[in-house]
Amino acid sequence: MIRSELVQKLAQDNPDLSAREVERIVAVFFDEIVQRLSEGGRVELRGFGAFSTRARDARVGRNPRTGESVEVDAKRVPYFKPGKEMRERLNV
């Protein structure tokens, strides 16, 4: 499912809200998750899972086109850990 499909589904399930309102709700939801993660925090949605970040160390990588060695800086990457309820529903 892509973002526009999510907005459509939510708009169908909530006819009292306009498509524009639903789109704004979805945008705020995702923006808040990104904001919290950028501050080094964690976002937990009970029954769904938890979003957090993990540190990646600096390393020497390779350019796949030329084979040349390239320095890759240390960085933080997003990580998602599914909740127990989601795992159970996926493995019925």
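Provided above is the structure to which this section pertains.
In this report, we go over the structure that sits alongside the text.

Reading the values: rules and limits
- Residues numbered from 1 in each chain as written.
- Predicted model: local features only at pLDDT ≥ 70, side-chain atom pairs only at ≥ 80, totals over all residues.
- Heavy atoms only, no water.
- Axes fitted to C-alpha atoms, helices over the stretch in contact; angles between N-to-C directions.
- Helix = DSSP H or I, 4+ residues; strand = E, 2+ residues; numbered from the N terminus.
- Parallel < 35°, antiparallel > 145°, perpendicular 65-115°, else oblique.
- Left-handed = near helix turned anticlockwise from the far one by under 90°.
- Contact = heavy atoms within 4.5 Å.
- Nonpolar A, V, L, I, M, F, W, Y, C, P; charged D, E, K, R; others polar.
- Pairing = 2+ DSSP bridges.
- Phe/Tyr/Trp six-rings, centres within 6.5 Å; stacked < 30°, edge-to-face > 60°.
- Buried < 20%, exposed > 50% of the residue type's maximum accessible area, 1.4 Å probe, protein only.
- Polar contact = N/O pair within 3.5 Å; in protein donor to acceptor, adjacent residues only side chain to side chain.

1. Here we look at the packing of helix 1 (residues 3-13) against helix 2 (residues 19-38)
Link 1 in the chain: Running from N to C, helix 1 and helix 2 cross one another at 125°; their axes reach a closest spacing of 9 Å. Between helix 1 and helix 2, the crossing angle belongs to the class labelled oblique. With respect to the hand of their crossing, helix 1 and helix 2 are arranged in right-handed fashion. Here helix 1 contributes Arg3, Leu6, Val7, Leu10 and Ala11 to the contact with helix 2, which in turn contributes Ala19, Val22, Glu23, Val26, Ala27 and Phe30.
Link 2 in the chain: Along the lines of polarity and charge, the residues of the contact of helix 1 with helix 2 split into nine nonpolar, no polar and two charged.

2. Quick word on the sheet that holds strand 1 (residues 43-45)
Link 1 in the chain: Here we have three strands laid out as an open sheet, ordered 1-2-5, and antiparallel in their pairing. Two strands lie at the open edges of the sheet, namely strand 1 and strand 5 (75-82), each paired on one side alone. Put simply, the sheet's adjacent strands are angled 30° from each other on average, direction ignored.
Link 2 in the chain: Running at roughly 40° to strand 2 (residues 49-56), helix 2 makes contact with strand 1 and strand 2 of the sheet.

3. Points about the packing of aromatic side chains
Link 1 in the chain: Following the criterion strictly, the structure yields four aromatic pairs and no others.
Link 2 in the chain: Taking the centre distance of 6.5 Å and the plane angle of 35° together, the rings of Phe48 and Phe51 count as tilted.
Link 3 in the chain: Classification of Phe51 as partly exposed rests on a relative accessible area of 22%.
Link 4 in the chain: Chaining the aromatic ring pairs together yields one cluster made of Phe48, Phe51 and Phe80.

4. Some details on the environment of Pro15
Link 1 in the chain: Checked against the element boundaries, Pro15 lands in the loop between helix 1 and helix 2.
Link 2 in the chain: A C-alpha to C-alpha distance of 32 Å links Pro15 and Lys81, two positions 66 residues apart in sequence.

5. Examining the side chain of Thr53
Link 1 in the chain: With respect to the secondary-structure elements, Thr53 resides in strand 2.
Link 2 in the chain: Under the relative-accessibility criterion, Thr53 is labelled buried at 17%.
Link 3 in the chain: For Thr53, the side chain forms a polar contact with the side chain of Arg76, separated by 2.8 Å.
Link 4 in the chain: Look past the residues within four positions of Thr53 in its chain and what remains in contact with it is Leu37, Arg76, Val77, Pro78 and Tyr79.

Take it as geometry only, folks, not as evidence of what the structure does.
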